[in-house]
Amino acid sequence: MNQTYIPTSEAISRLIQELNKLPGIGPKSAQRLAYYLLRATEEQTRLLAETILSVKQKISLCSICFNVTESDPCLICRSDRRDTAKICIVEPPQDILALEHTRIYNGLYHVLHGAISPTEGIGTEDIRIKELMKRLEDSRVDEVILATNTNLEGEQTAMYLKKLISPLGIKVTRLAQGLPFGTELEYADDVTLTRAIEGRQEF
Ligand SMILES: [Zn+2]
């Protein structure tokens, strides 16, 4: 918030501050949203507040793939129409949404909830790698698709996983073709993502 900003009320400036903490919401957008909410009916704002709260209360992590879910195991892990011999590894759970949207992939997923990043102090123990390895030992998987982001952390993580998984005799592929370096999966368009899945290469 710049210094010339004069808050009109404590409550409004608090709302602006909270909105400003959301990803992709700068101070200007936060102000716009706050004033939009002020104009909205009480019913509209209550619905929004309750929806946000209910997401926090109802959603937990799937005990198999660590996707966000209302029921454990999640719908994908429970489905009998998925190819259980393939596991696609993603960083955040919202990347599953992006990949599902393409309708091209029919296997299972595993959400790491982050990437290895020495600069941010995120090590191999801090993301769901242990759980992945346990999963691979316990089930018959013939391909692991590394769909971590194409930035430095994503590449480091992919490399580390490849070293761990290859000795198990499982084919490791990397979803990268068509995705420029630095791409976050959730922002890639359907066509690019479809091409990236179809053109995945042995890693
Ligand atoms: Zn699951």
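How each quantity is defined
Residues numbered from 1 in each chain as written. Predicted model: local features only at pLDDT ≥ 70, side-chain atom pairs only at ≥ 80, totals over all residues. Heavy atoms only, no water. Phe/Tyr/Trp six-rings, centres within 6.5 Å; stacked < 30°, edge-to-face > 60°. Buried < 20%, exposed > 50% of the residue type's maximum accessible area, 1.4 Å probe, protein only. Donors = N, O, S within 2.8 Å, 3.2 Å for Na, K, Ca; no water. Tetrahedral: all angles 85-135°; square planar, octahedral: opposite > 155°, others 65-115°. Helix = DSSP H or I, 4+ residues; strand = E, 2+ residues; numbered from the N terminus. Pairing = 2+ DSSP bridges. Right-handed = clockwise from strand over helix to strand, strands pointing away. Axes fitted to C-alpha atoms, helices over the stretch in contact; angles between N-to-C directions. Parallel < 35°, antiparallel > 145°, perpendicular 65-115°, else oblique. Left-handed = near helix turned anticlockwise from the far one by under 90°. Contact = heavy atoms within 4.5 Å. Nonpolar A, V, L, I, M, F, W, Y, C, P; charged D, E, K, R; others polar.

Right, let's get into the packing of aromatic side chains. Any pair of aromatic rings gets described here by the distance separating the centres and the angle formed by the planes. On inspection of all chains with the given rule, the structure shows one aromatic pair. Note on tyrosine 105 and tyrosine 109: the rings are 5.2 Å apart at their centroids and 65° apart in plane angle, and the pair reads as edge-to-face. Each member of the pair, tyrosine 105 together with tyrosine 109, is buried.

The next thing to look at is the coordination of the zinc ion. In this structure, Cys62 (SG), Cys65 (SG), Cys74 (SG) and Cys77 (SG) serve as the protein donors to the zinc ion, at separations of 2.3 Å. Here the zinc ion binds four donor atoms, and the angle range of 104 to 116° at the metal identifies the geometry as tetrahedral. Mapped onto the sequence, the residues coordinating the zinc ion show the spacing C-x2-C-x8-C-x2-C. Cysteine 65 shares its class with cysteine 62; the two are buried.

To continue, consider the environment of glutamate 10. Its place among the elements puts glutamate 10 in helix α1 (residues 10-20). Classification of glutamate 10 as exposed rests on a relative accessible area of 59%. When the C-alpha positions of glutamate 10 and histidine 110 are compared, they lie 43 Å apart, and in sequence the two are 100 residues distant.

This next bit is on the pairing of strand β3 (residues 83-90). Working note: regular strand, side chains alternate between the two faces of the sheet. Along β3, six of the eight residues are buried, which leaves the element largely enclosed by surrounding structure. Relative to strand β4 (residues 107-111), β3 runs parallel, the two sharing five bridges. Across the sheet, aspartate 83 pairs through a bridge with glycine 107, a residue of β4. After leaving β3, the chain enters helix α5 (residues 94-102) and then returns to the sheet as β4, a path that is right-handed. Here four bridges tie β3 to strand β5 (residues 143-146), and the two strands are oriented parallel to one another. Paired with isoleucine 87 across the strands is valine 144, a residue of β5.

Our next topic: the packing of α1 against helix α2 (residues 27-39). The geometry of α1 relative to α2 is characterised by a closest axis approach of 8 Å and an angle of 130° between their N-to-C directions. Of the possible angle classes, the one that applies to α1 and α2 is oblique. The way α1 lies across α2 gives a crossing that is right-handed. Residue-level contacts link Ile12, Leu15, Ile16, Leu19 and Asn20 of α1 to Pro27, Ala30, Gln31, Leu33, Ala34, Tyr35, Leu37 and Leu38 of α2. Tallied by class, the residues present in the contact of α1 with α2 amount to 11 nonpolar, two polar and no charged.

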